[in-house]
Amino acid sequence: MTQRGRATRPTGPSGRPRRADGPRGGDGAGAPRGGDLGARRARLREVIEPVVEGAGYDLEDLSVSRAGRRHVVRVIVDADGGINLDAVADVSRAVSAALDAAEEAGRDLVAGEYQLEVSSPGVDRPLTLPRHWRRNAGRLVKVTVRGATALPEQRAAGDRQVTGRVVEADDERVVLETDAGRAEHRYAELGPGRVQVEFNRLDEADELDGADEADEADEADETDDIDDEDDVEDEER
């Protein structure tokens, strides 16, 4: 979900954002004040994370980027069981209100106009934390299993790609169902996991829907036959 039009100065009477007053950076095109984007991201996290967690969700990612003369603040939130669009909208409003309050208190968060985007993780986001694996139980994932001598930031010759279905996951390890059987891995052994899109499952779901529709049609035909028989009996009488 996207919420537009936040600014570091009060908005005008129309409620539309206006450019922040005061001196700008050396490039004259709205360069960030008070440090780089990394520093701004840290200050934004101080404001946003308590709001997200207070609503019962996890802040999965927070990024700040430039889009022309405007900044874009992207917030990714998630929860066990997922998060629906209504919940994303609620979080977006709460985060927006918290940012407004922080700016009114004089905190320098983002220079000039910026766009706030709040959304849930897509299937292409890597699985890097135990909760990511837990929330994808039942899904097919591909992951690199590191060799015994490899550190997390290294890749050893013994590394191998494994594709399996997440059977269970806790804070220490994940169990994958592969073609060779079930295998348990500690997270320290794994690189980022990637959820695999299973088109055959979508086809199976379509076939099931079609079968259900056919059954309903058959039941309707049988009901029509019974009604016809009743009509014939009435006429004979």
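Not measured: the values here are computed from a predicted model. (Residues numbered from 1 in each chain as written. Predicted model: local features only at pLDDT ≥ 70, side-chain atom pairs only at ≥ 80, totals over all residues. Heavy atoms only, no water.)

Draft legend 1. Quick peek at helix α1 (residues 37-54). The terminal C-alpha atoms of α1, which comprises 18 residues, lie 25 Å apart, in line with the 26 Å expected from a rise of 1.5 Å per residue. Check the buried side of α1 and you find it contacts β2 (58-67), β3 (70-78) and α2 (85-104). Looking one or two residues beyond α1, the residue adopting positive phi is Gly56, at roughly 95°. (Helix = DSSP H or I, 4+ residues; strand = E, 2+ residues; numbered from the N terminus. Expected span 1.5 Å × (residues − 1). Contact = heavy atoms within 4.5 Å.)

Draft legend 2. Geometry of the environment of Ser65. Position of Ser65 relative to the elements: it lies in strand β2. Each C-alpha atom, one on Ser65 and one on Leu37, is 7.4 Å from the other, the two residues being 28 residues apart in sequence. In contact with Ser65, not counting residues within four places along its chain, are Leu37, Arg70, His71, Val72 and Arg74. Side-chain polar atoms of Ser65 contact the side chain of Arg74, separated by 3.0 Å. (Polar contact = N/O pair within 3.5 Å; in protein donor to acceptor, adjacent residues only side chain to side chain.)

Draft legend 3. Structural view of the nonpolar core. If you look at the biggest cluster of nonpolar residues, it comprises 25 residues, and the most contacted ones within it are Leu44, Ile48, Val52, Val73, Val75 and Leu99. Breaking this core down by element, the ones donating at least two residues are α1, β2, β3, α2 and β4 (114-119). Here this core gets seven residues from one element, more than from any other, and that element is α2. Apart from residues no more than four positions distant in its own chain, Val73 is found in contact with Leu44, Leu62, Ser63, Val110, Tyr114, Gln115, Leu116 and Glu117. In this structure, Leu127, Val145, Val174 and Val195 belong to the second largest nonpolar core, which totals 13 residues. (Core = buried A, V, L, I, M, F, W, Y, C linked by side-chain atoms within 4.5 Å. Buried < 20%, exposed > 50% of the residue type's maximum accessible area, 1.4 Å probe, protein only.)

Draft legend 4. Structural context of the pattern of salt bridges. In total, this model carries 20 salt bridges according to the counting rule given. The closest approach of N and O atoms between Arg45 and Glu49, which form a salt bridge, is 3.5 Å. Within this pair, Arg45 and its partner Glu49 are both found in helix α1, separated by four residues, close to a single helical turn. When salt bridges that share partners are traced, they join Asp58, Glu60, Asp78, Asp80, Arg131, Arg134 and Arg135 into one network. (Salt bridge = Lys/Arg side-chain N within 4 Å of Asp/Glu carboxyl O.)

Draft legend 5. Broad picture of the pairing of β2. Here β2 runs beside β3; their pairing, made up of nine bridges, is antiparallel. By the bridge assignment, Ser63 is partnered in β3 with Arg74. Hairpin connection from β2 to β3: two residues lie between these consecutive antiparallel strands, with Gly68 at a positive phi of about 70°. (Pairing = 2+ DSSP bridges.)

Draft legend 6. Quick peek at α2. Here α2 is 20 residues long and its end C-alpha atoms lie 29 Å apart, about the 28 Å a rise of 1.5 Å per residue gives. Taken residue by residue, α2 has Ala87, Val88, Ala89, Val91, Ser92, Val95, Ser96, Ala98, Leu99, Ala102 and Glu103 as its buried positions. Regarding α2, its N-cap is Asn84, as a side-chain oxygen of that residue lies 3.2 Å from the backbone nitrogen of Asp86 further along. With its phi angle positive at about 95°, Gly106 sits one or two positions after the end of α2.

Draft legend 7. Structural context of the environment of Val118. You can see Val118 is positioned in strand β4. Remark: the alpha-carbon pair of Val118 and Val95, spanning 23 residues in sequence, is separated by 8.8 Å.

Draft legend 8. Summary view of the confidence of the model for the protein. When pLDDT is averaged along the protein, the result is 76, and 65% of the positions lie at 70 or above. With pLDDT under 50 throughout, residues 1-34 is counted as low confidence; its partners more than four residues away or in other chains account for 73 contacts. (pLDDT = per-residue confidence, 0-100.)

Draft legend 9. Molecular detail of the packing of aromatic side chains. Counted under the stated rule, the structure contains one aromatic pair. Ring centres 6.4 Å apart and planes at 40° place the aromatic pair Trp133 and Tyr187 in the tilted group. Taken together, the residues span a long stretch of sequence, with Trp133 in helix α3 (residues 130-135) and Tyr187 in the loop between β8 (181-186) and β9 (194-195) at a distance of 54 residues. By relative accessible area, Trp133 is classed as buried at 2%. (Phe/Tyr/Trp six-rings, centres within 6.5 Å; stacked < 30°, edge-to-face > 60°.)

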